[in-house]
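What the coordinates show
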Amino acid sequence: MRIGVPRALLYYNFRPSLEYLAQEKTAEIIISSATNNKKLEQGLALCDDEVCLPVKVFMGHVQSLLADVDALFVPRVISLEKKRYICPKFLGLPDMVRAGVGKIPLIAPAINAAWSRHRQLREVERSLKPLGKKRTKLWEALQGAAAAEKQQRRQLAASLDRPPRGKRVAVLGHAYNVFDEYLNFGILKKLSQLGVEPVTVDTFTPGQIDQGAVGLSKDLFWSYGREVVGAAFYCLHSRAVDGVILVASFGCGPDSLITEIISRRFAESSIPLMSIILDEHSSGVGLATRVEAFVDMLNWRDRT
Ligand code: SF4
């Protein structure tokens, strides 16, 4: 059975695990290729206008896989941490896929950190049933994938402690906005070309994010939103970066809230903040110009 994994949304949060599983060949896992204009067009055709850009892109990836796979991996993610949740769009994702592209078998385990370990394992086991005997092997491979994930996080977490190579800028936002080069016109590469070291949310340890999030008057119950706010506030206290670029999506409720919270706090600080909103009409030239101007301003501050 060939299982398709769309290279979109939470793929970017669990990339080491998913790539490990694809290499293991326990099951035939096919990850869709990078986002391109065709996938975006396909996603736009399958979604309402009100839907956020990352979900439109996800649907484009789903469409691109249909001809090559027997089933799609679309987990129904409710919560990844106790008493915290992620955007409800992830809860409804399997239903959106069914409504959008019709009858394709889905491997759609519900993931809920509020459940006991036993109940969660039963749910994963149930969702892997279509794989027959292979599911035991896949289950073993999942343990290896979790180890690969931990290893990558450990490596990244050390980078903030190293002296920066030139200027250092935190590019903060959902992983699918920050790492999808088509959506953000290669902002990380652009910064590197300008001699700036970009760091992203996964560079911050959970401890640093908690330290930053202490500055909130009320704890945020959105897991990923809290990570972004925690990392941004940590930058304010630690002075670990020279500037912060926030990357948000048009049409995203959680992003509009966290952009506002962060902007208000940075308005009282001397660390420069630039916020970028991505939508399907964004221009690569416009974005490159803004990034260049931001870096020029950081360099100019050093000279005055
Ligand atoms: S958090 Fe925002 S960008 Fe992400 S899926 Fe939800 S609405 Fe879309």
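One can find the structure itself at the top, above this paragraph.
Definitions and limits used
- Numbering of residues begins from 1 in every chain and follows the order in which that chain's sequence is written.
- Reporting in this predicted model follows two pLDDT cut-offs: at least 70 for local features of residues, and 80 or more for side-chain atom pairs to be given and counted; totals over whole chains, interfaces and linings ignore these cut-offs and use all residues.
- Note: side-chain values were computed over all heavy atoms of the structure, leaving out hydrogens and water.
- Helix and strand assignments follow DSSP, with helices taken as H or I runs no shorter than four residues and strands as E runs no shorter than two, numbered in order from the N terminus.
- A helix is expected to span 1.5 Å multiplied by its residue count minus one.
- Type-normalised accessible area, obtained with a 1.4 Å probe on protein chains alone, sets the label of each residue: buried when under 20%, exposed when over 50%, and partly exposed for intermediate values.
- By construction, the arc corresponds to the directions joining the helix axis to the C-beta atoms.
- Any two residues whose heavy atoms approach within 4.5 Å at even a single point are treated as in contact.
- For the purposes of these results, a polar contact is taken to be a pair of N or O atoms within 3.5 Å, where, inside protein, one atom must be able to donate a hydrogen and its partner to accept one; residues adjacent in sequence count only when each atom of the pair is a side-chain atom.
- The definition of a nonpolar core used throughout is a set of buried Ala, Val, Leu, Ile, Met, Phe, Trp, Tyr and Cys residues joined through side-chain atoms within 4.5 Å.
- For each domain, the first and last residues come from an automatic or database assignment.
- Any pair of Phe, Tyr and Trp rings, taking the six-membered ring for Trp, is counted once the centres come within 6.5 Å. Such a pair is stacked with planes under 30 degrees apart, edge-to-face with planes over 60 apart, and tilted for the rest.
- In this analysis the charged atom, NZ for Lys or CZ for Arg, is taken to sit over a ring once it is within 6 Å of the ring centre and within 35 degrees of the ring normal.

Here we come to helix α14 (residues 284–303). Across its 20 residues, α14 extends 29 Å between first and last C-alpha, which sits within 8% of the 28 Å expected from 1.5 Å per residue. When we look at burial in α14, the residues that qualify are Leu287, Ala288, Val291, Phe294, Val295 and Leu298. End-on, the buried residues of α14 take up no more than an arc of 125 degrees, which puts them together on one face. α14 presents Val285, Asp296 and Arg303 as exposed residues on the side facing more than 90 degrees away from its buried surface. Tucked into the core, α14 has its buried residues touching β7 (167–173), α9 (181–184), α10 (187–193), β8 (196–199), β9 (243–249) and β10 (273–278). With a side-chain oxygen lying 3.3 Å from the backbone nitrogen of valine 285, the N-terminal cap of α14 falls on serine 283.

This brings us to the nonpolar core. In this structure, Phe58, Leu72, Phe90 and Val97 are the most contacted members of the largest nonpolar core, which totals 43 residues. Elements with a minimum of two residues in this core: β1 (2–5), α1 (15–24), β2 (28–31), α3 (53–65), α5 (93–101), β5 (106–107), α7 (134–157) and α8 (175–178). Element by element, the count of residues in this core is highest for α3, at 5 residues. Here this core spans two domains, and each of domain 1 (2–155) and domain 2 (158–303) adds at least three residues to it. Beyond its immediate chain neighbours, meaning those up to four positions away, phenylalanine 58 contacts Pro6, Ala8, Leu9, Val74, Leu93 and Val97. Formed by 25 residues, the second largest nonpolar core is a distinct cluster that contains Val199, Ala213, Leu220 and Cys235.

Summed over all chains, the structure comprises 4 aromatic pairs. Measuring from ring centre to ring centre gives 5.0 Å for tyrosine 11 and tyrosine 12, while their planes differ by 80 degrees; the resulting arrangement is edge-to-face. Owing to a relative accessible area of 2%, tyrosine 11 belongs among the buried residues under this scheme. Ring plane angle 40 degrees and centroid distance 5.2 Å describe the contact between phenylalanine 221 and tryptophan 222, whose orientation is recorded as tilted. The ring of phenylalanine 179 carries arginine 15 above its face, with NZ or CZ at 5.2 Å from the centroid.

Within the element layout of this structure, arginine 226 appears in helix α12 (residues 223–238). In this structure arginine 226 comes out as buried when scored by relative accessible area, which is 9%. Between the C-alpha atom of arginine 226 and that of alanine 148, which follows or precedes it by 78 residues, the distance is 24 Å. Contact partners of arginine 226, with chain neighbours within four places excluded, come to Arg84, Ile209, Asp210, Ala213, Asp219 and Leu220.

All quantities given are derived from atomic positions and should not be read as evidence of function.
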